[in-house]
Amino acid sequence: MKVAIIYTSKTGNTEELVFVLRDLFLRKKIEVCLFRVEQFPLQDLPAFDAVIIGTYTWRDGEIPVEMLALYRAFETADVKHIVTGVVGTGDSCYPHFCGAVDGFRDMLYVQSHLSATLKIEVALQSKDYERCRGFVDKLWKSLNK
Ligand SMILES: Cc1cc2nc3c(=O)[nH]c(=O)nc-3n(C[C@H](O)[C@H](O)[C@H](O)COP(=O)(O)O)c2cc1C
């Protein structure tokens, strides 16, 4: 099974989140290839069975600019078969909390087999681990249907 986590992170919050998710997948004996978005070979996207996107949100609820090529690849490539999930960290002081997660979610719902989403308030807290486990369980169930 080919599973990728593709992410971006400026100050480390989203990176910490995707590291935790990778470990939770490993506990289910699922190997995950972890890519910073700049390093991901976009032409290989259709070869994956599952892709998890990790993103922070910038400015007015926007998707970070470095994620836009990946967004377009999902819009244009043959990705209907891919089980997807989108996770992110954001700050609810801003009017559109985790807007980038919502932006990816709406597109992935149409283009792929969207399984789960997860929004984290700034940095992971111990109370969030249960939610991370729930996210991984949903992906795992979608992959094993
Ligand atoms: C200039 C600026 C704009 C931001 N805009 C938003 C926003 O619109 N919505 C949101 O939920 N968070 C916003 N944030 C908060 C970041 O998304 C949040 O701190 C996130 O955890 C950063 O992730 P990272 O550590 O992976 O880079 C903003 C932060 C900064 C500094």
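Refer to the structure above for everything that follows.
Residues numbered from 1 in each chain as written. Predicted model: local features only at pLDDT ≥ 70, side-chain atom pairs only at ≥ 80, totals over all residues. Heavy atoms only, no water.

Q: Give me the lowdown on the pattern of salt bridges, citing residues and values where you can.
A: Where charged atoms from two side chains of opposite charge approach closely, those side chains can pair. Using the criterion set out here, one finds eight salt bridges in the structure. Across the pair D137 and K28 runs a salt bridge, and its minimum N-O distance is 2.9 Å. Here D137 is found in helix α4 (residues 128-143), whereas its partner K28 is found in the loop between α1 (13-27) and β2 (32-36), with 109 residues between them in sequence. Residue K28 is classed as partly exposed on the basis of its relative accessible area, which comes to 28%. Taken together, the shared-partner salt bridges connect D102, R105, D106 and K119 into one network. (Salt bridge = Lys/Arg side-chain N within 4 Å of Asp/Glu carboxyl O. Helix = DSSP H or I, 4+ residues; strand = E, 2+ residues; numbered from the N terminus. Buried < 20%, exposed > 50% of the residue type's maximum accessible area, 1.4 Å probe, protein only.)

Q: Explain the site of the ligand to me, using residue names and the numbers behind them.
A: Of all residues adjacent to the ligand, which total 20 residues, the nearest are S9, K10, T11, T14 and R59. One of the backbone nitrogen or oxygen atoms of G12 is found 3.1 Å away from an oxygen atom of the ligand. A distance of 2.7 Å is found between an oxygen atom of the ligand and a backbone nitrogen or oxygen belonging to T57. Under a 2 Å grid-point criterion requiring more than half of the atoms, the pocket assigned to the ligand is the largest pocket. Secondary structure elements with two or more residues in the shell around the ligand: α1 and β4 (83-90). (Near = heavy atom within 4 Å. Polar contact = N/O pair within 3.5 Å; in protein donor to acceptor, adjacent residues only side chain to side chain. 1 Å grid on protein atoms, 1.4 Å probe; cavity = no way out; pocket = protein on both sides within 12 Å on 5 of 7 lines; lining within 4 Å. Sits in = over half its atoms within 2 Å of the grid points.)

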